[in-house]
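Geometric and topological summary
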Amino acid sequence: MPVRIILDTDTGVDDALAILLAMRSPELRVEAITGVCGNTPLENCIRNIHLTLSVLDARVTPVVAAGEERPLVRDLAFAGDIHGEDGLGGVTDQVDADGRRVYPDPDHQTSTVHAVDLIPDLAGRYPGELILVAVGPLTNVARAVMKDPDRMRGLREIIIMGGAFETVGNVSPVAEFNIHADPHAAQIVCDAGIPLVFVPLDVTRQAFLDTGTIDRYAAEGGARAGSARAAFVRDCTSRYVAFHRRNRGVNGCFLHDPLAVAVAVREDLVTTVPARVDVETAGDLATGMTVSDLRSDRWGAPNARVCTAVDVQAFTRLFEERVLA
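I will try to describe carefully the structure that is included in this document. (Residues numbered from 1 in each chain as written. Predicted model: local features only at pLDDT ≥ 70, side-chain atom pairs only at ≥ 80, totals over all residues. Heavy atoms only, no water.)

Let us look at the environment of R143. Structurally, R143 is set in helix 5 (residues 139-147). It is 17 Å that separates the C-alpha atoms of R143 and I159, two residues lying 16 residues apart in sequence. Excluding anything up to four places from it in sequence, R143 contacts E68, L72 and V116. (Helix = DSSP H or I, 4+ residues; strand = E, 2+ residues; numbered from the N terminus. Contact = heavy atoms within 4.5 Å.)

Here's what the structure looks like:
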């Protein structure tokens with residue numbers, strides 16, 4: 001029986017790829033996709049969820065619900081330099097030879113239920129079954145914990161794409177974007193008493209999709225079933241790849257958020273260690289740092305499992321087969 005999940009996302013480029021992987025994985029049943037501010041404003045985030053789902057042309061789509069528009073305490077900080085002003089690498093402005101938008105705004109309905117209400121409602125409906133895969137800032141998740149902690153503790157686990165433990169950060173020397181964007185929310189989640197799995201930069205920086213692979217699948221086109229998906233991946237990652245080439249010295253892009261989804265599909269793709277994880281919320285230089293000692297539990301009883309290694313080849317093959325082929 002498929003595993004029920006909620007995907008909570010701030011739909012930038014790799015978030016869109018995570019949506020495609022989740023929807024294309026028969027092991028998962030996506031009950032809802034909830035949006036949160038982060039890579040892009042909430043309005044863009046929700047549009048990008050619907051747009052990505054429209055690429056799939058699926059007969060049945062999950063509930064889409066809007067969540068929080070700003071962090072609990074910190075000021076908003078978007079990532080337009082990486083994901084584009086629309087959050088999807090500029091695909092919403094892309095036009096064909098006739099001047100028509102290649103990816104028009106889809107005519108899909110967003111739920112009238114707020115994400116902060118929907119998440120605990122579903123957790124209460126499926127106690128012990130539901131996995132929450134959080135690939136954006138944890139604002140929605142923290143608000144849901146604050147509002148209904150008992151039902152939230154009915155979640156099977158929360159898989160979090162976030163943190164940097166034995167590697168450097170990507171928005172500061174020590175902090176990863178999702179945690180840094182709302183560190184106070186992240187600490188609330190760490191203290192919630194819910195099983196947590198962190199999928200940090202330590203492993204997501206190994207989950208790499210090269211430009212040649214993207215172009216090869218997109219160029220095949222024709223009647224191949226995955227051609228529309230591959231073309232969308234090429235189009236929305238073009239700016240994302242350029243950022244990685246310019247700033248990371250690689251010819252491709254990291255699949256941060258898809259790896260978190262893959263952990264829900266096949267946890268054997270990663271190695272985890274138990275750890276006590278906390279988040280720096282008061283520092284000037286270290287705000288958003290995930291603080292832990294992965295060598296032992298001497299700093300407190302573990303509240304999470306942290307991914308420390310990934311089978312890169314197996315994950316890349318899974319992503320290509322599910323999303324690009």
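Below, the discussion takes up the pattern of salt bridges. Two side chains of opposite charge can pair, provided their charged atoms sit close to one another. Using the criterion set out here, one finds 19 salt bridges in the structure. Residue E31 is joined to R29 by a salt bridge in which the shortest nitrogen-to-oxygen separation is 2.7 Å. We note a salt bridge from D121 to R151, for which the minimum N-O separation is 3.0 Å. Within this pair, whereas D121 is found in helix 4 (residues 115-125), its partner R151 is found in helix 6 (residues 149-152), the two being separated by 30 residues in sequence. With a relative accessible area of 30%, D121 lands in the partly exposed category. (Salt bridge = Lys/Arg side-chain N within 4 Å of Asp/Glu carboxyl O. Buried < 20%, exposed > 50% of the residue type's maximum accessible area, 1.4 Å probe, protein only.)

Looking now at the packing of aromatic side chains. Summed over all chains, the structure comprises three aromatic pairs. Ring geometry for Y103 versus F232: centroids 5.4 Å apart, planes at 70°, classification edge-to-face. Linking Y103 in the loop between helix 3 (80-83) and helix 4 with F232 in helix 11 (residues 227-247), this pair joins segments that are 129 residues apart in sequence. You'll find Y103 and F232 in the same group, each marked buried. On the numbers, 5.9 Å between centres and 75° between planes, the contact of F165 with F198 is edge-to-face. Of the two residues, F165 is situated in the loop between strand 5 (157-161) and helix 7 (177-181) and F198 in strand 6 (residues 196-199); the sequence distance between them amounts to 33 residues. Accessibility classification places F165 together with F198 in one group, the buried group. (Phe/Tyr/Trp six-rings, centres within 6.5 Å; stacked < 30°, edge-to-face > 60°.)

What describes two packed helices is the angle between their axes and the distance between those same axes. One way to put it is that helix 11 packs onto helix 13 (residues 312-324) with a least axis distance of 8 Å and a crossing angle of 115°. With respect to helix 13, the axis of helix 11 lies roughly perpendicular. On helix 13, the residues that touch R229, A230 and V233 of helix 11 are R322, V323 and L324. For the contact of helix 11 with helix 13, the class distribution of residues is four nonpolar, no polar and two charged. (Axes fitted to C-alpha atoms, helices over the stretch in contact; angles between N-to-C directions. Parallel < 35°, antiparallel > 145°, perpendicular 65-115°, else oblique. Nonpolar A, V, L, I, M, F, W, Y, C, P; charged D, E, K, R; others polar.)

The strand order across the open sheet built from eight strands is 3-2-1-4-5-6-12-9, with neighbouring strands paired in mixed fashion. Edge strands, defined here as strands with exactly one partner in the open sheet, are strand 3 (63-66) and strand 9 (270-275). Each strand of the sheet is rotated relative to its neighbour by a mean of 25°, with strand direction disregarded. When strand 1 (residues 3-9) meets strand 2 (residues 28-35), the two strands line up parallel, connected through seven bridges. Bridge pairing in strand 2 places T9 opposite G35. (Pairing = 2+ DSSP bridges.)

With that settled, consider the layout of surface pockets. By volume, the largest pocket amounts to about 330 Å³. Around the largest pocket, the lining comprises 25 residues; the ones closest to its centre are I82, H83, N170, F177 and H256. Mapped onto the lining of the largest pocket, the elements with two or more residues apiece are helix 1 (13-23), helix 3, helix 7, helix 11 and helix 12 (256-265). Considered class by class, the residues forming the lining of the largest pocket number 11 nonpolar, six polar and eight charged. Space inside the second largest pocket adds up to approximately 240 Å³. Looking at the second largest pocket, it is lined by 14 residues, and the ones nearest its centre are M23, V30, V60, T61 and P62. Listing elements by their share of the lining of the second largest pocket, those giving two or more residues are helix 1 and strand 2. (1 Å grid on protein atoms, 1.4 Å probe; cavity = no way out; pocket = protein on both sides within 12 Å on 5 of 7 lines; lining within 4 Å. Points joined across faces, edges and corners; volume = space filled by probe spheres on them.)

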